Amino acid sequence: MESALKTGRRRVIQLASQVAALLLWPYRRRARARPSPATGAEPLEAVARVVLPGGLTDQARRQVVTGFWRWVDGFQPDVDLMATEDTAYLLELPFARKLVTARASPRQRYQAQLRSLDDEAREERGIPFSEIDPHRQEEIVRRQIEKAVDELALHDLNPLGAPVFWLPGPAAFVGTPADHVALTLMAFYFNSAEGVERSLGHSFGERTCRGFSGVAEEPPRGRF
Amino acid sequence: MRKLESQVCIIGGGIVGALVAARLAEAGVDRILVVDAGPRALVPAQRPRSARRWMQYMERPWRGDRVVARPRGAERAGGRHLGPTMYVGGQATHWNAQTPRFAPEDFRTRSLHGYGRDWPLSYEDLEPYYADAERRLGVSGEPDGAPRSTPFPMPPVPESADLRVIRAWAGRAGLPLHAAPYAKNSRSYDGRPACVRCDTCYVCPTGAKYSPDFTLRALEDAGKIELVPRVVVRRLRVGDGRRVEAAEALQTDTGQTLQLESRYFVLASGFPLAPHLLARSATAAFPTGLANSSGTLGRFIQGHPVLIASLEIPDRLYGRLHEQNRLMTRRFMREPVGPANVRFDLSAMAAPHLPYLRNRAGRIQLGDELVSDWRARSSGGVVQLRALIDVYFGEASRIVDDPRWAFPWGGPLPKAAYVYDEEAEARRNAGGREVHRLLDGLVARAGGSVRTVIGPRSHPHRGGGCRMGDDPSTSVCDSFGRTHDHQNLFVAGAPLLVTGGCTNTTLTLCALALRSGERIAREIGADAPLAPTTGLL
């Protein structure tokens with residue numbers, strides 16, 4: 001009798017958990033479709049290993065990725081944006097300028113692009129993007145960046161109208177045909193204070209209202 | 001309909017409108033009304049956040065500085081916005097505040113060099129007002145060869161290592177450069193702090209850079225003016241005796257019509273709006289527009305084509321030390337070059353080394369490859385030189401109705417149609433050749449190479465359309481900006497330009513505005529003495 005009761009209680013618990021699982025299934029499905037930052041960070045950290053300097057530690061790279069997502073989430077829709085011509089000194093400024101309005105955060109688009117990296121890796125190797133070899137990672141990322149850049153001639157971003165190849169700030173890409181998470185991450189990092197400091201070896205403190213102390217001397221050496 | 005009455009109605013709350021208002025108020029003129037088509041500018045406390053959002057997200061920092069145009073024939077607005085001049089404070093809320101004076105020769109190009117047109121006043125006539133404008137704006141600079149009765153109100157901000165290197169480099173080629181003057185505090189001045197090198201001058205977060213809304217706010221707080229934003233003047237109405245009786249206006253946020261009645265009107269709405277308004281105020285008695293008995297209204301618009309060059313020099317430049325600060329020389333404004341007497345100003349800055357996504361072979365660079373390329377290019381220096389070349393545009397260059405776009409409240413937008421006639425084209429080409437020759441000479445003597453040259457092209461610092469002159473048959477206004485045809489109507493600002501000059505025009509427009517304000521004040525009977533000059537230094 002007692003064992004039958006135990007078996008019964010066990011069965012009830014099993015049934016209850018199965019029912020609970022069924023009830024929770026839509027929420028879990030939505031949770032998978034809306035990856036947690038931890039899930040979204042993994043392929044982006046792999047992308048970061050490709051596009052950012054090799055000297056970054058894992059922790060530093062994670063901090064960059066965290067900062068990038070924080071920047072991504074800071075977009076405000078329905079806000080007037082600067083058009084290139086607003087500060088373009090040489091362009092024939094029409095009295096009426098093009099109206100450009102901000103769109104929503106590009107997070108969903110970027111997560112879709114990261115999923116496509118995973119899809120490509122799984123199709124090819126059966127493993128996620130973050131686990132394939134670095135050379136293959138670079139090939140895939142490079143191809144996707146080239147495709148994005150080809151769709152937007154970079155000189156369109158240069159107000160001087162001359163064909164150049166420079167990497168503007170990340171906001172310049174958002175909403176354009178070149179809006180790819182790998183490209184924007186590069187722009188985010190290499191236009192950041194840390195990116196400049198690590199790359200050029202000096203700390204400039206740009207845009208930080210730094211005063212004039214030391215302005216006539218060589219800028220301080222970078223920390224990296 | 002609401003009526004606003006005043007003794008002086010200033011249409012346009014930009015830098016010249018603000019200075020006219022200030023001059024009148026100081027002279028004791030009362031009932032000064034200033035109206036502006038745009039909303040009020042961000043108060044200083046809002047500017048730091050606005051600057052950050054601009055830097056991080058490319059958001060327009062001057063919220064609300066736009067009015068949305070509509071396609072002509074359409075009922076709804078969309079697609080184009082008017083700005084950033086549609087804003088209390090106007091363009092000088094976000095200018096780089098470079099404030100050189102014109103050269104004395106700018107006022108006499110026809111009689112000295114055989115091109116252009118002489119102004120109806122001389123540099124010497126305007127000099128006291130230049131000094132006054134520099135004092136009011138708080139201009140910092142160092143002796144630059146311009147004849148002056150007073151020194152700059154402030155010395156220049158401390159020079160960066162980059163500018164020191166550029167100075168030395170140009171010096172090797174026998175070209176002395178000096179600090180460009182700016183309306184930016186190098187020390188606390190006029191209740192505003194010193195510049196602290198934020199390098200975001202498009203929106204100064206500290207108030208160290210002069211902004212016209214500071215003047216307007218101070219006048220308002222002191223009860224000296226009434227400032228009404230979001231008021232668009234659609235027509236001026238002339239009564240008997242050819243005096244302007246009223247300005248018919250629209251309050252754009254409420255839709256209420258306004259009638260502005262005043263003893264004097266000062267049209268300070270800038271280029272091309274001021275000449276456009278006069279043209280749109282045509283009546284049967286004035287079929288080609290007000291103030292247009294000469295037929296020159298809207299014509300002879302001016303500007304100066306610009307050439308920008310990047311030079312690689314062997315000296316190390318960082319380019320990120322103080323990007324908004326430049327050196328310049330007035331030599332070629334005062335000593336024309338070549339058989340065509342080409343005149344231009346020349347300013348120099350250190351260009352930052354930028355990360356390249358593609359290398360020169362066209363390959364996309366990632367990670368360490370990008371860094372290596374960036375570092376390799378950063379061992380030298382890139383100097384960016386800018387030359388504003390003096391040309392003169394003839395009668396064919398004019399303001400026309402834009403065929404495609406209209407104001408949301410009706411009426412076509414203005415469009416500046418520049419035409420390079422034979423003379424202007426020749427001057428532009430000669431200017432380009434002479435600047436190229438100068439660049440080649442610089443690198444040959446001081447070292448380096450010319451990397452890129454763009455221009456001469458475009459026409460920044462545009463103006464004209466209501467040009468000054470002594471002869472009413474060939475000009476719209478006299479040297480005080482008073483229209484020849486309507487005794488109580490003045491024009492202030494860029495539309496008055498007779499020639500475009502070859503340097504930034506704002507300080508000259510400010511000086512003219514102060515002179516106009518003094519004249520109006522004296523006519524009203526107010527006491528408007530100007531500080532006596534002691535002779536040119």
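Residues numbered from 1 in each chain as written. Chains lettered and ligands numbered in written order. Predicted model: local features only at pLDDT ≥ 70, side-chain atom pairs only at ≥ 80, totals over all residues. Heavy atoms only, no water.

Chemist: For the overall build of chain A, give the residues involved together with the corresponding values.
Modeler: In terms of helices and strands, chain A carries eight helices and one strand. The N-to-C order of helical and strand elements in chain A reads α-α-α-α-β-α-α-α-α. Restricting to contacts in chain A with at least 6 residues of sequence separation, those with at least 24 account for 54%. Carbon and sulfur atoms provide 55% of the accessible area of chain A, an area that totals close to 12000 Å². (Helix = DSSP H or I, 4+ residues; strand = E, 2+ residues; numbered from the N terminus. Contact = heavy atoms within 4.5 Å. Areas by Shrake-Rupley, 256 points an atom, 1.4 Å probe, with all protein chains shown as cover.)

Chemist: Requested: an account of the packing of helix H6 (residues 134-150) of chain A against helix H7 (residues 181-190) of chain A, with residues and values cited.
Modeler: Residues and elements named next belong to chain A. As a packed pair, H6 and H7 sit with axes 8 Å apart at the nearest point and diverge in direction by 90°. The orientation of H6 with respect to H7, classified from their angle, is roughly perpendicular. Seen from H6, the contacting residues are Val-141, Ile-145 and Val-149; seen from H7, they are Ala-182, Leu-183 and Met-186. Counted by class, the contact of H6 with H7 contains six nonpolar, no polar and no charged residues. (Axes fitted to C-alpha atoms, helices over the stretch in contact; angles between N-to-C directions. Parallel < 35°, antiparallel > 145°, perpendicular 65-115°, else oblique. Nonpolar A, V, L, I, M, F, W, Y, C, P; charged D, E, K, R; others polar.)

Chemist: Break down the state of the cysteines for me, citing the residues and quoting the values.
Modeler: Residues and elements named next belong to chain B. Using the criterion set out here, one finds one disulfide over all chains in the structure. For Cys-195, which is in no disulfide, the shortest distance to another cysteine sulfur is to Cys-201 and amounts to 6.3 Å. We classify Cys-195 as buried; its relative accessible area is 15%. The thiol sulfur of Cys-502 is not disulfide-bonded, and the nearest other cysteine sulfur, from Cys-510, lies at 18 Å. (Disulfide = S-S within 2.5 Å. Buried < 20%, exposed > 50% of the residue type's maximum accessible area, 1.4 Å probe, protein only.)

Chemist: Lay out the interface of chain A and chain B in plain terms, naming residues and giving numbers.
Modeler: Facing 65 residues of chain A, the contacting portion of chain B comprises 76 residues. Interface area, chain A with chain B, both sides summed: about 6400 Å², of which 61% is carbon and sulfur. As a salt-bridge pair, Asp-199 of chain B and Arg-210 of chain A come within 3.1 Å of each other at their nearest N and O atoms. Between chain A and chain B we count 20 residue pairs in polar contact (both at pLDDT 80 or more) in total. Of all the elements in the fold, those that place two or more residues in the side of chain A that touches chain B are helix H2 (37-51), helix H3 (58-72), helix H4 (84-87), strand S1 (96-98), H6, H7 and helix H8 (193-200) of chain A. For the side of chain A that touches chain B, the leading source of residues is H6 of chain A, giving six residues. (Buried area = accessible area lost by both parts, 1.4 Å probe. Salt bridge = Lys/Arg side-chain N within 4 Å of Asp/Glu carboxyl O. Polar contact = N/O pair within 3.5 Å; in protein donor to acceptor, adjacent residues only side chain to side chain.)

Chemist: Explain the layout of surface pockets to me, and be specific about the residues and the numbers.
Modeler: Residue and element names in this part refer to chain B. Here the second largest pocket defines a volume of roughly 350 Å³. In terms of lining residues, the second largest pocket is bounded by 15 residues, among which Glu-26, Arg-136, Asp-190, Thr-215 and Ala-218 are the most central. Those elements giving two or more residues to the lining of the second largest pocket turn out to be helix H1 (15-26), helix H4 (123-137) and helix H6 (212-221). Its residues placed into classes, the lining of the second largest pocket shows eight nonpolar, one polar and six charged. (1 Å grid on protein atoms, 1.4 Å probe; cavity = no way out; pocket = protein on both sides within 12 Å on 5 of 7 lines; lining within 4 Å. Points joined across faces, edges and corners; volume = space filled by probe spheres on them.)

Chemist: Account for the sheet that holds strand S10 (residues 306-313) of chain B, with residues named and values stated.
Modeler: Strand pairing in a sheet takes place through backbone hydrogen bonds and is either antiparallel or parallel in direction. All names here are of chain B. Reading across the sheet, the six strands line up as S5-S11-S12-S13-S10-S16 and stay open at both edges, with antiparallel pairing between neighbours. Of all the strands in the sheet, just strand S5 (178-179) and strand S16 (449-457) have a single pairing partner and so form its edges. Alignment of strand S12 (residues 344-350) against strand S13 (residues 381-389), held across seven bridges, turns out to be antiparallel. Among the inter-strand pairings, Asp-345 is bridged to a residue of S13, identified as Leu-388. (Pairing = 2+ DSSP bridges.)

Chemist: Can you tell me about H7 of chain A, naming the residues and giving the values?
Modeler: Extensive coverage of H7 of chain A is indicated by the burial of 10 of its 10 residues. Looking only at H7 of chain A, the buried set comprises Val-181, Ala-182, Leu-183, Thr-184, Leu-185, Met-186, Ala-187, Phe-188, Tyr-189 and Phe-190 of chain A.

Chemist: So what about the side chain of Glu-45 of chain A? Which residues, and what values?
Modeler: Here Glu-45 of chain A shows up in helix H2. When near neighbours in sequence (up to four residues on either side) are disregarded, Glu-45 of chain A contacts Arg-61, Arg-62 and Val-65 of chain A.

Chemist: Give me the lowdown on empty space enclosed by the protein, citing residues and values where you can.
Modeler: Residues and elements named next belong to chain B. For the coordinates displayed, the defined rule picks out four cavities of 30 Å³ or more. What the largest cavity holds in volume is close to 100 Å³. Along its surface, the largest cavity is lined by 14 residues, and Cys-195, Cys-198, Asp-199, Cys-201 and Cys-204 are the ones closest to its centre. What the second largest cavity holds in volume is close to 70 Å³. Together, Ser-140, Pro-156, Val-157, Ala-179, Ala-180, Tyr-182, Lys-184, Cys-195, His-322, Asn-325 and Arg-326 line the second largest cavity. Residue composition of the lining of the second largest cavity, by class: six nonpolar, three polar and two charged.

Chemist: Lay out the confidence of the model for chain B with the relevant residues and their values.
Modeler: Confidence in the prediction for chain B averages 93 pLDDT; 96% of positions are at 70 or higher. Note on residues 531-537 of chain B: pLDDT under 50 across the span, and 16 contacts to partners over four residues away in sequence or across chains. (pLDDT = per-residue confidence, 0-100.)

Chemist: Break down the nonpolar core for me, citing the residues and quoting the values.
Modeler: Ranked by size, the top nonpolar core spans 126 residues in total, and within it Ile-10, Leu-137, Leu-236, Leu-260 and Leu-278 of chain B carry the most contacts. Sort the elements by how many residues they give to this core and helix H11 (residues 506-524) of chain B lands first, with 10 residues. Ignoring sequence-local partners within four residues, the contact set of Leu-278 of chain B consists of Leu-236, Leu-267, Gly-289, Leu-290, Ala-291, Leu-297, Cys-466, Leu-489 and Val-491 of chain B. The next biggest cluster of nonpolar side chains, apart from the first, holds 53 residues, and it includes Ala-46, Trp-69 and Met-186 of chain A together with Trp-374 of chain B. (Core = buried A, V, L, I, M, F, W, Y, C linked by side-chain atoms within 4.5 Å.)

Chemist: Run through the environment of Arg-63 of chain B, naming residues and quoting values.
Modeler: Mapped onto the fold, Arg-63 of chain B is located in the loop between helix H2 (47-57) and strand S3 (67-71). Its relative accessible area of 37% is what places Arg-63 of chain B among the partly exposed residues. Separated by 38 residues in the primary sequence, Arg-63 of chain B and Ala-25 of chain B place their C-alpha atoms 29 Å from one another. For Arg-63 of chain B, the contacting residues outside a window of four places in its chain are Gln-76 and Val-79 of chain A together with Arg-49 and Tyr-87 of chain B.

Chemist: Lay out unusual backbone geometry with the relevant residues and their values.
Modeler: At the junction of Phe-271 of chain B and Pro-272 of chain B, the peptide bond is cis and its omega measures out at 0° in the coordinates. One can find Pro-272 of chain B in the loop between strand S9 (257-267) and helix H7 (273-280). Of the consecutive residues Gly-455 of chain B and Pro-456 of chain B, the connecting peptide bond is found in the cis state with omega at 10°. Take Pro-456 of chain B: it is sitting in strand S16. In this structure, Asp-78 of chain A is a non-glycine residue whose phi angle is positive, near 60°. In this structure, Asp-78 of chain A sits in the loop between H3 and H4. With phi around 55°, Asp-190 of chain B is a residue other than glycine that occupies positive phi space.

Chemist: For the packing of aromatic side chains, give the residues involved together with the corresponding values.
Modeler: The full count for this structure, using the stated rule, is 23 aromatic pairs over all chains. On the basis of an interplanar angle of 35° and a centroid distance of 5.9 Å, the ring pair of Phe-68 of chain A and Trp-71 of chain A is categorised as tilted. Here Phe-68 of chain A pairs with Trp-71 of chain A, and both are found in helix H3, just three residues apart, close to one helical turn. The pair Phe-68 of chain A / Trp-71 of chain A is uniform in exposure class, with both members buried. Residues Trp-71 of chain A and Phe-75 of chain A carry aromatic rings whose centres are separated by 5.1 Å and whose planes lie at 75° to one another, so their mutual orientation is edge-to-face. Among the aromatic side chains, those forming a connected cluster through ring pairs are Phe-68, Trp-69, Trp-71, Phe-75, Tyr-110 and Phe-188 of chain A together with Tyr-57 of chain B. Stacked on the ring of Tyr-182 of chain B, the Lys or Arg Lys-184 of chain B has its end atom at 4.4 Å from the ring centre. Here the basic side chain of Arg-427 of chain B rests over the ring of Tyr-115 of chain B, its NZ or CZ set 3.5 Å away from the ring centre. (Phe/Tyr/Trp six-rings, centres within 6.5 Å; stacked < 30°, edge-to-face > 60°. Lys NZ or Arg CZ within 6 Å of the ring centre and 35° of its normal.)

Chemist: Go over the pattern of salt bridges with me, naming the residues and quoting the values.
Modeler: For the structure on display, the rule yields 49 salt bridges over all chains. Arg-61 of chain A is the partner of Asp-58 of chain A in a salt bridge, and the nearest nitrogen-oxygen pair spans 3.0 Å. With Asp-58 of chain A and Arg-61 of chain A both in helix H3 and three residues apart, the pair spans about one turn of that helix. Taking relative accessible area as the criterion, Asp-58 of chain A reaches 46% and is therefore assigned partly exposed. Note that Arg-136 of chain B and Asp-132 of chain B form a salt bridge whose closest N and O atoms lie 3.1 Å from each other. Residue Arg-136 of chain B and its partner Asp-132 of chain B are both found in helix H4; the two are separated by four residues, about one turn of the helix. Overall, the relative accessible area of 7% leaves Asp-132 of chain B in the buried class. Beyond isolated ion pairs, a larger network of salt bridges with shared partners links Glu-124, Arg-125, Asp-133, Arg-136 and Glu-139 of chain A.

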